[in-house]
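Structural characterization, general
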Amino acid sequence: MDESEVIGSASITLYASPLDKRSPTQLAREIVTRMQRTGWKGPRPDDITPVNGQASVSLKMPGSGSATVSASHERPTEAAAFNQVTVSLTTECLRNSDWHR
């Protein structure tokens, strides 16, 4: 990569209602299923299994970039427990329109 190329990234974190009883694994599977419907490639949703109560999976969009979906169950000391879901996206190298030779 040089100045003619640029990489973009974004991270989105959502907090589920304490009333939402889905597990982190169920939430990650639902997000992966929806992303795969739009062309993202990754493991089958049924193959996503939790590790230490947290579900995490990587996906690729051929020619566009990669994504990581992570979901965990949070237990704050002074509030009701809730699930947290983070989706992080990174682009492949894109053409930098501001770069001139």
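The structure displayed is predicted, hence computed values, not measured ones.

**Examining the overall build of the protein chain**
Per the secondary structure count, the protein chain includes one helix and six strands. Listing the helices and strands of the protein chain from first to last along the sequence gives β-β-α-β-β-β-β. For 101 residues, the compact-globule formula gives about 13 Å, and the C-alpha radius of gyration of the protein chain, at 17 Å, lies well above that figure. Principal axes of the C-alpha set define a box for the protein chain whose edges measure 55 × 30 × 20 Å. For the protein chain, the residues scored as buried account for 26% of the 101 residues in total. Where the 11 positive side-chain charges of the protein chain centre and where its 11 negative ones centre are 8 Å apart.

**Here we look at the packing of aromatic side chains**
Throughout the structure, instances matching the rule amount to one aromatic pair. Judged by centre distance (5.9 Å) and plane angle (70°), the ring pair of Tyr15 and Phe82 falls under edge-to-face. Of this pair, Tyr15 sits in strand 2 (residues 9-15) while Phe82 sits in strand 5 (residues 82-91), placing them 67 residues apart in sequence.

**A few points about the pattern of salt bridges**
Where charged atoms from two side chains of opposite charge come close, those side chains can pair. By the definition in use, this model includes four salt bridges. Across the salt bridge formed by Arg44 and Asp47, the nearest N and O atoms sit 3.4 Å from each other. Here the salt bridges share partners, and the residues they tie into one network are Asp20, Arg22 and Glu30.

**Things to note about the side chain of Ser72**
Topologically, Ser72 is positioned in strand 4 (residues 65-74). Classification of Ser72 by relative accessible area gives buried; the value is 10%. In this structure the side chain of Ser72 is engaged in a polar contact, spanning 2.6 Å, whose partner is the side chain of Glu74. Once residues lying within four places of it in the same chain are set aside, the contact partners of Ser72 are Pro24, Gly53, Gln54, Phe82, Asn83 and Gln84.

**Some details on the nonpolar core**
Judged by nonpolar contacts, the single largest core of 15 residues is most densely connected at Leu59 and Val69. Mapped onto this core, the elements with two or more residues apiece are helix 1 (24-37), strand 3 (54-61), strand 4 and strand 5. Residues in contact with Leu59, not counting those within four places in the same chain, are Val32, Met35, Gln36, Trp40, Lys41, Gly42, Ser66, Ala67 and Val69.

**So, the pairing of strand 5**
In the sheet, strand 2 pairs with strand 5 via seven bridges, with the strands oriented antiparallel. Pairing of Leu14 across the sheet is with Val85, part of strand 5.

**Some details on the side chain of Thr25**
Position of Thr25 among the secondary structure elements: in helix 1. Taking relative accessible area as the criterion, Thr25 reaches 9% and is therefore assigned buried. Beyond its immediate stretch of four places on either side in the chain, Thr25 contacts Ile48, Pro50 and Ala55.

Calculation rules
- Residues numbered from 1 in each chain as written.
- Predicted model: local features only at pLDDT ≥ 70, side-chain atom pairs only at ≥ 80, totals over all residues.
- Heavy atoms only, no water.
- Helix = DSSP H or I, 4+ residues; strand = E, 2+ residues; numbered from the N terminus.
- Rg over C-alpha atoms; globule rule 2.2 N^0.38 Å.
- Buried < 20%, exposed > 50% of the residue type's maximum accessible area, 1.4 Å probe, protein only.
- Lys, Arg positive; Asp, Glu negative; His and termini not counted.
- Charge placed at Lys NZ, Arg CZ, Asp CG, Glu CD.
- Phe/Tyr/Trp six-rings, centres within 6.5 Å; stacked < 30°, edge-to-face > 60°.
- Salt bridge = Lys/Arg side-chain N within 4 Å of Asp/Glu carboxyl O.
- Polar contact = N/O pair within 3.5 Å; in protein donor to acceptor, adjacent residues only side chain to side chain.
- Contact = heavy atoms within 4.5 Å.
- Core = buried A, V, L, I, M, F, W, Y, C linked by side-chain atoms within 4.5 Å.
- Pairing = 2+ DSSP bridges.

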